[in-house]
Amino acid sequence: MASPASANMNAVRETMDVLLEISRLLNTGLDMESLSICVRLCEQGINPEALSSVIKELRRASDSLKASEISTSQG
C-alpha cells in the first residue's frame, strides 16, 4: 500500500506530465523545469497573463541578442 506522501507525489508528477503535454501541443517551448517554475509562480499568486507577457518579452530580447551577435560575427 502506498503512503499518502508517495500517492501525492505520483499525483503531482502525473499532473505535471499532463501540463507538459499540453504545453508541447501549444508549442510553448517550455521544458519541464520552466513549466514547473511557471506553475509554482502561479500557485504563489502571480498573474498568469503577466507571466506569459514576461516570458514572451524575454524570448524577444533573447532572439534580438542572438540576431545581433550573428550579424556582428559576420560583419
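Just so you know, these numbers come straight off a predicted model, no measurement behind them. (Residues numbered from 1 in each chain as written. Predicted model: local features only at pLDDT ≥ 70, side-chain atom pairs only at ≥ 80, totals over all residues. Heavy atoms only, no water.)

Trainee: I'd like a rundown of the nonpolar core, residues and numbers included.
Mentor: Residues Met16, Leu20, Leu30, Leu35, Cys38 and Leu51 constitute the largest nonpolar core, which totals 6 residues. Breaking this core down by element, the ones donating at least two residues are α1 (4–25) and α2 (32–43). Those residues in contact with Leu35 that sit more than four places away from it in its chain are Met16, Leu19, Leu20, Ser23 and Leu30. (Core = buried A, V, L, I, M, F, W, Y, C linked by side-chain atoms within 4.5 Å. Buried < 20%, exposed > 50% of the residue type's maximum accessible area, 1.4 Å probe, protein only. Helix = DSSP H or I, 4+ residues; strand = E, 2+ residues; numbered from the N terminus. Contact = heavy atoms within 4.5 Å.)

Trainee: Mind laying out the pattern of salt bridges, listing which residues take part and the relevant values?
Mentor: Summed over the entire model, instances satisfying the criterion amount to 1 salt bridge. For Arg60, the salt bridge is made with Glu57, and the minimal N-O distance between the two is 2.8 Å. Highlighted residues: Arg60 and Glu57, both in helix α3 (residues 48–74), separated by 3 residues, approximately one helical turn. (Salt bridge = Lys/Arg side-chain N within 4 Å of Asp/Glu carboxyl O.)

Trainee: Account for a nonpolar patch on the surface, with residues named and values stated.
Mentor: Nonpolar side chains collect at one region of the surface, where Val18, Leu19, Ile22, Leu25 and Leu26 lie side by side and expose about 470 Å² of accessible area between them. Take Leu26: its relative accessible area is 62%, and that puts it in the exposed class. (Patch = residues over 30% accessible without salt bridge, like charges linked within 9 Å, V, L, I, M, F, W, Y side chains within 5 Å. Areas by Shrake-Rupley, 256 points an atom, 1.4 Å probe, with all protein chains shown as cover.)

Trainee: Which residues make up α3, and what values go with them?
Mentor: Its 27 residues give α3 an end-to-end C-alpha distance of 39 Å, which sits within 8% of 39 Å, the value for a rise of 1.5 Å per residue. Of the residues that open α3, the one with a side-chain oxygen 2.7 Å from the backbone nitrogen of Glu49 is Asn47. (Expected span 1.5 Å × (residues − 1). Polar contact = N/O pair within 3.5 Å; in protein donor to acceptor, adjacent residues only side chain to side chain.)

Trainee: So what about the confidence of the model for the chain? Which residues, and what values?
Mentor: Confidence along the chain averages 92 in pLDDT terms, with 96% of residues attaining 70 or more. Ranking the elements of the chain by mean pLDDT puts α3 last with 92 and α2 first with 96. (pLDDT = per-residue confidence, 0-100.)

Trainee: Outline the environment of Ser3, listing residues and values.
Mentor: Examined against the element boundaries, Ser3 turns out to sit in the segment before α1. Sequence spacing of Ser3 and Val54 is 51 residues, and the spatial spacing of their C-alpha atoms is 39 Å.

Trainee: Can you lay out the environment of Gly29 for me, pointing to particular residues and giving the numbers?
Mentor: Topologically, Gly29 is positioned in the loop between α1 and α2. Residue Gly29 is classed as exposed on the basis of its relative accessible area, which comes to 67%. C-alpha separation for the pair Gly29 and Ser53, spaced 24 residues apart in sequence, amounts to 14 Å.

Trainee: Help me get a handle on unusual backbone geometry, residues and values and all.
Mentor: For Asn27, which is not glycine, the phi dihedral falls at a positive 55°. Tracing the backbone through its elements, the reader meets Asn27 in the loop between α1 and α2. On the accessibility criterion, Asn27 (67% relative accessible area) is exposed.

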